[in-house]
Structure formats: structure tokens, C-alpha cells
Amino acid sequence: MAYALLKHIHLATIVITLALFLLRGAWRLTDSPKLNQKWVKIVPHTNDAILLAAAIGMLVVANLNPLDHGWIMAKIIALLAYIMLGTIALKRGKTPLQRNLAFIGALAVFAYMIAVAVTKQAWLV
Ligand code: HEM
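What counts, and where the lines are drawn
Residues numbered from 1 in each chain as written. Predicted model: local features only at pLDDT ≥ 70, side-chain atom pairs only at ≥ 80, totals over all residues. Helix = DSSP H or I, 4+ residues; strand = E, 2+ residues; numbered from the N terminus. Buried ≥ 20, exposed ≤ 12 C-beta atoms within 10 Å, placed from the backbone. Contact = placed C-beta atoms within 7 Å. Near = placed C-beta within 6 Å. Nonpolar A, V, L, I, M, F, W, Y, C, P; charged D, E, K, R; others polar. Domains from an automatic or database assignment. Expected span 1.5 Å × (residues − 1). Core = buried A, V, L, I, M, F, W, Y, C linked by C-beta atoms within 7 Å.

Looking at the overall build of the protein chain
The secondary structure content of the protein chain amounts to four helices and zero strands. Helices and strands appear in the protein chain in the N-to-C order α-α-α-α. A principal-axis box enclosing the C-alpha atoms of the protein chain has dimensions of 45 × 35 × 20 Å. Every one of the 125 residues in the protein chain was classed for burial, and the buried ones make up 15%. For the protein chain, the proportion of contacts with a sequence separation of at least 24, taken over those separated by at least 6, is 68%.

In C-alpha cells:
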């Protein structure tokens, strides 16, 4: 029961995180001042914190140890890569090329995380 609720929260926040990342990417691409709105600096991080909290909650409730499940470990590592690429894409990247490549890379890692979650396989081939 608690697990099902946490999974719903996990999935809802995944949809929100992707939508907000695409929106911010579009604003970054067009150098829009909207990127500097106050809520943009708060809401994505709050949502991501909930996403991760729900994930950790599922691990606790279902007694899943990432060290025993390669697919969970793969998601954790992929999440770190996604965060790094995301900050380069939206902030740290010095040139448009750097930012665009990081943006595409972040989306590829995101797709990988979904595939890993659905298949429960770290190696998809
Ligand atoms: C490192 C942090 C994360 C952990 C520990 C984690 C863990 C989990 C767990 C335990 C489940 C439930 C599996 C099941 O009961 O079937 C799950 C489901 C899922 N996760 Fe995550 N997750 C994390 C981050 C993410 C991220 C960032 C994404 C998005 C890219 C994501 C996408 C999904 C999807 C799509 C499912 C549903 C899979 C299905 O049932 O078909 N997860 N995750």
C-alpha cells in the first residue's frame, strides 16, 4: 500500500521533472529571462527532492538494497550523471555547443533511467 503510493508519487514527479527540464532547456536555448524567475529556482529542486524521497522510500518499504540490485545501482549512477549534465546544460556550459550537447546527453540518460526502471536491467543489450 505505502509502496504503491510512493511509486505513484515517484512517477508523477518524474513527469514533472522532465517537463520542467524541457521548459528550462527551451528558455536557455532562447536566452529567455524567464529562466531567472524565482519559482524556476525553487520548484524543480523541490520536485526532485520529492522524486528522490519517494525512490528512497520504496527502497526502505520493500527492503531493497541497491548493492543487491544492479538496476537500482545503475539508476543511482545514471541520476548523478543526469544531474551533472543538467547543470552543464542549464548553467555551467560556457558555449551554446557545450550546453546543447549536455542537454541531449541529459535526455539520453533520462531515457536510459526509464528503460532501466521498466526492464529492471542495467544492461539493456
Ligand atoms: C536514484 C534514484 C532512484 C531510485 C532509487 C529509484 C527506484 C525505483 C524503484 C524501487 C521503482 C519501483 C520498481 C517497481 O516496483 O516496479 C522505480 C520505478 C520507476 N522509476 Fe525510479 N528510481 C530512481 C530514480 C528514477 C528516475 C530519475 C527516473 C526517471 C528517469 C525513474 C523512473 C522510474 C520509472 C519509469 C519507474 C516505473 C517502472 C515500472 O514500474 O514500469 N526513477 N524506481
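Further notes follow.
Comments concerning the site of the ligand
Surveying the vicinity of the ligand reveals 18 residues, the closest of which are Ala55, Met58, Ile76, Met113 and Ala117. At the level of elements, helix H1 (2-29), helix H2 (38-61), helix H3 (70-92) and helix H4 (96-119) are the ones that each hand at least two residues to the shell around the ligand. It is H4 that provides the largest number of residues to the shell around the ligand, a total of five residues. Residue composition of the shell around the ligand, grouped by class: 15 nonpolar, one polar and two charged. Looking at which domains feed residues into the shell around the ligand, each of domain 1 (1-64) and domain 2 (69-125) supplies at least three.

Quick notes on H4
Taking 1.5 Å per residue as the helical rise, H4 with its 24 residues ought to reach 34 Å, and the 35 Å between its terminal C-alpha atoms agrees with that figure. Residues of H4 that are buried: Ala102, Phe103, Ala106, Met113 and Val116. Contact partners of the buried residues in H4: H1 and H3. Directly beyond the C-terminal end of H4, a positive phi value near 60° is found at Lys120.

A few points about unusual backbone geometry
Of note in the backbone geometry, Asp31 takes a positive phi value of approximately 50° without being a glycine. Even without a glycine there, the phi angle at Lys120 is positive, about 60°. Mapped onto the fold, Lys120 is located in the segment after H4.

A few points about the domain arrangement of the protein chain
Examined at the domain level, the protein chain breaks down into domain 1 (1-64) and domain 2 (69-125). Between the C-alpha centres of domain 1 and domain 2 there is a distance of 14 Å. Tallying the contact residues gives six residues for domain 1 and eight residues for domain 2. Of the residues in the side of domain 1 that touches domain 2, the class split is three nonpolar, one polar and two charged.

Remarks on the nonpolar core
In this structure, Ala74, Tyr82, Leu85, Ala89, Leu90, Ala102, Phe103, Ala106, Met113 and Val116 together form the largest nonpolar core, which totals ten residues. Ignoring anything within four residues of it in the chain, the contact list for Ala102 reads Leu85, Ile88, Ala89 and Gly93.

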